[in-house]
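# Structure assessment
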Amino acid sequence: MFLFLLLFVGIPLIELYFLIQVGSQIGALSTIGLSIFTALLGGALVRIQGFSVLMRVRDAMGRNQVPALELLDGALLLVAGLVLLLPGFFTDTLGFLLLVPKLRRFLILRFFRILPDEPSPDQGPDRPGPRVIEGEFRRERD
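Just so it is clear, the structure is predicted and the values come from calculations on it, not from any experiment. (Residues numbered from 1 in each chain as written. Predicted model: local features only at pLDDT ≥ 70, side-chain atom pairs only at ≥ 80, totals over all residues. Heavy atoms only, no water.)

## Considering the pattern of salt bridges
The condition that has to hold: For salt bridges, the criterion is a side-chain nitrogen of Lys or Arg within 4 Å of an Asp or Glu carboxyl oxygen. Going along the chain from the N terminus, every DSSP run of H or I of four or more residues is numbered as a helix, and every run of E of two or more is numbered as a strand. Each residue's exposure class comes from its accessible area (1.4 Å probe, protein chains only) as a fraction of the maximum for that residue type: buried when under 20%, exposed when over 50%, partly exposed otherwise.
Scanning the entire structure with this criterion turns up 3 salt bridges. Measuring nitrogen to oxygen at the nearest pair gives 2.4 Å for the salt bridge that ties D73 to R56. Of this pair, D73 sits in helix α3 (residues 68-85) while R56 sits in helix α2 (residues 28-62), and the two are 17 residues apart along the sequence. Take D73: its relative accessible area is 4%, and that puts it in the buried class. What makes R56 partly exposed here is its relative accessible area of 29%. The closest approach of N and O atoms between E140 and R138, which form a salt bridge, is 3.6 Å. Through salt bridges with shared partners, one network takes in R56, D73 and R104.

In structure tokens:
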């Protein structure tokens, strides 16, 4: 609950503070123009890197490998694109940081380090893999 409060109240307040500070230094129209410029530049960079990730996904699938890291990389790019579209300098900074490939890779590997390696309770100790229920079906017409 605190995290949602921070996201929906704290971040807009930080954005408002930075917009007021920058606007008082360079003017309102320049601040609006700079915010639009960062959104356009970020969108173009996300698009370029997104195509690169898409090609890596296709290559991995062509080699019959699961493109898990590439898909997570694409998910972080999606988050970067969403944050870059929001007006403000704080979210733009977060979005541009997510455009750095080495930082994305670090975050993905950090995420995998946090995930537990233990099987879930419904798998049981003698079943290391996913639970599979075999059966047959047929489609009947009405």
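## Observations regarding unusual backbone geometry
With the exception of glycine, most residues fall at negative phi, and the peptide bonds are largely trans. Its identity as a non-glycine residue notwithstanding, N64 has a phi of 60°, on the positive side. Take N64: it is sitting in the loop between α2 and α3. Overall, the relative accessible area of 74% leaves N64 in the exposed class.

## Looking at the environment of R58
By secondary structure assignment, the location of R58 is in helix α2. By relative accessible area, which is 54% here, R58 ends up exposed.

## Details of a nonpolar patch on the surface
Threshold: Only residues above 30% relative accessible area that lack a salt bridge enter a patch, with like-charged residues linked at up to 9 Å and the nonpolar side chains Val, Leu, Ile, Met, Phe, Trp and Tyr linked at up to 5 Å. With residues, only the protein chains shown are counted as cover, and all accessible areas are computed by Shrake-Rupley using a 1.4 Å probe.
A surface patch of nonpolar side chains, about 1200 Å² in accessible area, is lined by F2, L3, F4, L5, L6, L7, F8, V9, L13, L16 and I20. Of note, L3 is situated in helix α1 (residues 2-26). On the basis of relative accessible area, L3 is assigned to the exposed category, the value being 55%.

## Considerations on the side chain of E15
To keep it simple, the criterion reads: Whether two residues are in contact is decided by their heavy atoms, any of which lying within 4.5 Å being enough.
As for its placement among the helices and strands, E15 is situated in helix α1. The residues contacting E15, other than those within four sequence positions of it, are P87, G88, F89, F90 and T91.

## Side note on the packing of α3 against helix α4 (residues 89-98)
Selection criterion: Helix axes are fitted to C-alpha atoms over the stretch in contact, other axes to C-alpha atoms as well, and angles between N-to-C directions run from 0 to 180 degrees. Every angle not falling under 35 degrees, over 145, or within 65 to 115 is termed oblique; those three ranges are roughly parallel, roughly antiparallel and roughly perpendicular. Take the far helix as your reference; a near helix turned counterclockwise from it by less than a right angle gives a left-handed crossing, and one turned clockwise gives a right-handed crossing. Any residue that is not Ala, Val, Leu, Ile, Met, Phe, Trp, Tyr, Cys, Pro, Asp, Glu, Lys or Arg is counted as polar, Gly included; the first ten are nonpolar and the last four charged.
Following both chains from N to C, one finds α3 and α4 inclined at 155°, their axes separated by 8 Å at the closest point. One element, α3, and the other, α4, form an angle in the roughly antiparallel class. In terms of crossing hand, the pair formed by α3 and α4 is left-handed. For the pair α3 and α4, contact is made by L76, V79, A80, V83 and L84 and by T91, D92, G95, F96 and L98, respectively. Here the residues of the contact of α3 with α4 sort into 7 nonpolar, 2 polar and 1 charged.

## Description of the packing of α1 against α4
Axis separation between α1 and α4 bottoms out at 7 Å; the angle between their running directions is 105°. Viewed along their axes, α1 and α4 adopt a mutual orientation that is roughly perpendicular. Between α1 and α4, the residues in contact are I11, I14, E15, F18, L19 and V22 and F89, F90 and T91, respectively. Across the contact of α1 with α4, the residue classes tally to 7 nonpolar, 1 polar and 1 charged.

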